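Chain by chain, the residues:
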Amino acid sequence: MSPAKKTTRKAAPKAVKKAATKKPAAKKTAAARKGKTESLAEYNRKRDFTRTAEPAGTRARRSNSAGALRFVIQKHAATQLHFDLRLEMDGVMKSWAVPKGPSSDPSVKRLAMQVEDHPVSYNTFEGTIPEGEYGGGTVMLWDTGTYTADSATDGDDETAALAGYERGDLKVTFHGKRMHGSYALVRTKGFRGSSSSKPSWLLIKHRDQYARPAEEYDIVAEHMTSVVSKRTMDEIRDAG
Ligand code: MN
């Protein structure tokens, strides 16, 4: 008898026994994992990574065990210009397309159409998605930073953010280079403007020291270049 055979024979019953003993726990974990993995399936399904420079969607193991949850806003000149707001939660970036972008005026409600979760690696993507591909057009990193959940107790922002997201009433404070202060994301009953059967939300500035009336300040018009590369949309597009 070869040593290899011996090993195989010995290992087999052990493995079966182990699996049988652990069955209930393993089943639960597998189901939970399945749900989490599928979170980026739509993102991957929509894209041809042999054609677009966007990153493939793989889940981050655990965002930032140190605590700080990341956010990004990308200006995206697709068929219709919009701003993509992404908030890190549970290892992915929960995402909304905001046609008009954020407003610093608490009396202004901005439509925010929920879109598919994006990978955390998308947070550094700036460039042009080829015409004819999903989301074809130029993408600019308009703001990046971290955020905290306003309802967080004992510093657990992620748990609070996830609870708010599930509830459809998410209050967050942005610590960005351009975005500052508290905003609400409120899920509406409608699916207006949504092509992905995902709900629409409203993005609304809270009254705090960063609130500014629209007549006086337009945060979108104020910042026309990349927060990272300082390039304009045209410069990013021309770079290929
Ligand atoms: Mn977009």
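Description of the structure in this document. Only a predicted model underlies this, so the values are computations on that prediction, with no experimental measurement involved. (Residues numbered from 1 in each chain as written. Predicted model: local features only at pLDDT ≥ 70, side-chain atom pairs only at ≥ 80, totals over all residues. Heavy atoms only, no water.)

## Points about the packing of aromatic side chains
Here's step 1: Under the counting rule described, the total for this entry stands at nine aromatic pairs.
Here's step 2: Judged by centre distance (5.9 Å) and plane angle (90°), the ring pair of Y43 and Y122 falls under edge-to-face. Highlighted residues: Y43 in helix α3 (residues 41–45) and Y122 in the loop between β4 (109–118) and β5 (127–129), separated in sequence by 79 residues. Accessibility classification places Y43 together with Y122 in one group, the buried group.
Here's step 3: Centre to centre, the rings of Y165 and W201 are 5.8 Å apart; their planes meet at 15°, and the pair counts as stacked. One end of the pair, Y165, is in helix α4 (residues 157–167); the other, W201, is in strand β9 (residues 200–205), with 36 residues separating them in the sequence. There is no split in this pair, since Y165 and W201 are both buried.
Here's step 4: An aromatic cluster of at least three residues, connected via ring pairs, comprises Y43, F49, Y122 and F125. (Phe/Tyr/Trp six-rings, centres within 6.5 Å; stacked < 30°, edge-to-face > 60°. Helix = DSSP H or I, 4+ residues; strand = E, 2+ residues; numbered from the N terminus. Buried < 20%, exposed > 50% of the residue type's maximum accessible area, 1.4 Å probe, protein only.)

## Quick look at the pattern of salt bridges
Here's step 1: Applying the stated criterion across every chain yields a total of 16 salt bridges.
Here's step 2: Here E126 and R231 are joined by a salt bridge, their closest N and O atoms 2.8 Å apart. Placement of the pair is E126 in the loop between β4 and β5 and R231 in the loop between α5 (219–222) and α6 (233–238), with a sequence separation of 105 residues.
Here's step 3: Residue class for E126 comes out buried when judged on its relative accessible area of 16%.
Here's step 4: Classification of R231 as partly exposed rests on a relative accessible area of 25%.
Here's step 5: Measuring nitrogen to oxygen at the nearest pair gives 3.1 Å for the salt bridge that ties R212 to E216.
Here's step 6: For R212, a relative accessible area of 32% corresponds to the partly exposed category.
Here's step 7: One salt-bridge network, held together by shared partners, links E42, K46, R47, E54, E116 and K198. (Salt bridge = Lys/Arg side-chain N within 4 Å of Asp/Glu carboxyl O.)

Structural measurements only, silent on function.
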